[in-house]
Amino acid sequence: DAKTTQPNSMESNEEEPVHLPCNHSTISGTDYIHWYRQLPSQGPEYVIHGLTSNVNNRMASLAIAEDRKSSTLILHRATLRDAAVYYCILRGYLGADKLIFGTGTRLQVFP
Amino acid sequence: KAGVTQTPRYLIKTRGQQVTLSCSPISGHRSVSWYQQTPGQGLQFLFEYFSETQRNKGNFPGRFSGRQFSNSRSEMNVSTLELGDSALYLCASSSETGMGTDTQYFGPGTRLTVL
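Residues numbered from 1 in each chain as written. Chains lettered and ligands numbered in written order. Predicted model: local features only at pLDDT ≥ 70, side-chain atom pairs only at ≥ 80, totals over all residues. Heavy atoms only, no water.

Novice: Give a description of the overall build of chain B that names residues and reports values.
Specialist: Along the backbone of chain B there are zero helices and eleven strands. Mapped in sequence order, the helices and strands of chain B form the string β-β-β-β-β-β-β-β-β-β-β. In terms of overall dimensions, chain B is globule-like: its C-alpha atoms have a radius of gyration of 13 Å, near the 13 Å expected for 115 residues. Along the three orthogonal principal directions, the C-alpha set of chain B runs to about 40 × 25 × 25 Å. (Helix = DSSP H or I, 4+ residues; strand = E, 2+ residues; numbered from the N terminus. Rg over C-alpha atoms; globule rule 2.2 N^0.38 Å.)

Novice: Describe in detail the sheet that holds strand β3 (residues 32-38) of chain A, supporting the description with residues and values.
Specialist: Residue and element names in this part refer to chain A. Within the open sheet, the five strands sit side by side as β1-β9-β8-β3-β4. Their pairing is mixed. A single partner strand is all that each edge strand has here, and the edge strands are β1 (9-13) and β4 (45-50). The mean inter-strand angle of the sheet, taken between neighbouring strand axes irrespective of direction, is 25°. Alignment of strand β8 (residues 84-91) against strand β9 (residues 105-110), held across three bridges, turns out to be antiparallel. By the bridge assignment for β9, V85 is matched with R106. (Pairing = 2+ DSSP bridges. Axes fitted to C-alpha atoms, helices over the stretch in contact; angles between N-to-C directions.)

Novice: Would you mind going over the pattern of salt bridges in detail, with residue names and values included?
Specialist: Applying the stated rule across the entire model yields eight salt bridges over all chains. The salt bridge involving R63 of chain B is made with D85 of chain B; its shortest N-O contact spans 2.8 Å. In this pair, R63 of chain B sits in the loop between β6 (53-57) and β7 (64-68) while D85 of chain B sits in the loop between β8 (74-78) and β9 (87-94), placing the two residues 22 residues apart along the sequence. For the pair R63 of chain B and D85 of chain B, one class covers both residues: buried. Within the structure, one salt-bridge network assembled from shared partners comprises R37, E45 and D82 of chain A. (Salt bridge = Lys/Arg side-chain N within 4 Å of Asp/Glu carboxyl O. Buried < 20%, exposed > 50% of the residue type's maximum accessible area, 1.4 Å probe, protein only.)

Novice: Any chance you could break down the state of the cysteines for me, citing the residues and the numbers?
Specialist: All names here are of chain A. Within this structure, the stated rule accounts for two disulfides over all chains. The disulfide that involves C22 links it to C88, with 2.1 Å between the sulfurs. Across the S-S bond linking C22 and C88, the dihedral sits near -80°, which makes this disulfide left-handed. With C22 in strand β2 (residues 18-23) and C88 in strand β8, the pair connects residues that are 66 residues apart, well separated along the chain. Under the relative-accessibility criterion, C22 is labelled buried at 1%. By relative accessible area, which is 1% here, C88 ends up buried. (Disulfide = S-S within 2.5 Å.)

Novice: I'd like to hear about the pairing of β8 of chain A, residue by residue, with values.
Specialist: All names here are of chain A. Of all eight residues in β8, eight are buried; the element is thus mostly enclosed. Two elements, β3 and β8, share seven bridges in a ladder whose sense is antiparallel. Bridging across to β8, Y36 finds its partner in Y87.

Novice: Break down the side chain of H24 of chain A for me, with residues and values.
Specialist: Residue and element names in this part refer to chain A. In this fold, H24 is placed in the loop between β2 and β3. There is a polar contact of 2.8 Å between the side chain of H24 and the backbone oxygen of R68. Discounting residues that sit within four places of it in the chain, H24 has contacts with K3, T4, I33, R68, K69, S70, S71, C88 and L90. (Polar contact = N/O pair within 3.5 Å; in protein donor to acceptor, adjacent residues only side chain to side chain. Contact = heavy atoms within 4.5 Å.)

Novice: Break down the packing of aromatic side chains for me, citing the residues and quoting the values.
Specialist: The tally for this structure, following the rule as stated, stands at ten aromatic pairs over all chains. With a centroid separation of 6.2 Å and 70° between ring planes, the pair formed by F101 of chain A and F106 of chain B is classed as edge-to-face. Remark: F106 of chain B occurs in strand β10 (residues 105-106) and F101 of chain A occurs in the loop between β8 and β9; the pair is interchain, linking two chains. Under the relative-accessibility criterion, F106 of chain B is labelled buried at 12%. Between Y35 of chain B and F106 of chain B the ring centres are 5.4 Å apart and the planes differ by 45°, which places this aromatic pair in the tilted class. With a gap of 71 residues between them, Y35 of chain B in strand β4 (residues 31-38) and F106 of chain B in strand β10 connect regions that are remote in the sequence. Site record: aromatic cluster; members linked through ring pairs are Y36, Y46, Y87 and F101 of chain A together with Y35, F45 and F106 of chain B. Across the ring face of F50 of chain B, the terminal group of R55 of chain B is positioned such that the distance to the ring centre comes to 4.4 Å. (Phe/Tyr/Trp six-rings, centres within 6.5 Å; stacked < 30°, edge-to-face > 60°. Lys NZ or Arg CZ within 6 Å of the ring centre and 35° of its normal.)

So, to be careful, I would describe these as geometric facts and stop short of saying anything about function.
Shown next as structure tokens:
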């Protein structure tokens, strides 16, 4: 399984945008980029995923580099409830229904 | 729809005992995966079941086992508990189209403490 690299931690102030980077230089052409987050004392929850084009949903946006070797999760206006560990994960087009978690980025949001 | 439920939420056992954890997936989901989360190793994949068959297994000893029933409910069992088995055990289900777009939905986890 291809590996991802994320910063250990990031900080943001409430109401400000947050850009969470992820490097995945060994990504294959059919790997999807998924983001999950884990709030304190909860199981992980799905945030967003994409393949090549940038994606938006109600929670966040995903910006994917043209060469797909990196991506950025964008929270447009951070709230205190967004404080969590964010995981960037690659999933093959076909294959095992499993997620290989890295260490993730711990996002702190200050009021 | 109800989410993924796991029982019990908390469990305390002693070394050498065995434990069984239960997971009920979202209605209609046929794939159930199990993960172990510890402060030292983070989130690690244990195994995945689909239609009562184990399809994938992570790198864990044979003391960790599981099964899935015809209604997609799943159980995992850990025999001969060790102190290092203390962890949060998470279950996740998905509708499993077999494609990379599948989303996994996680339960709240079972916190196992081994004394």
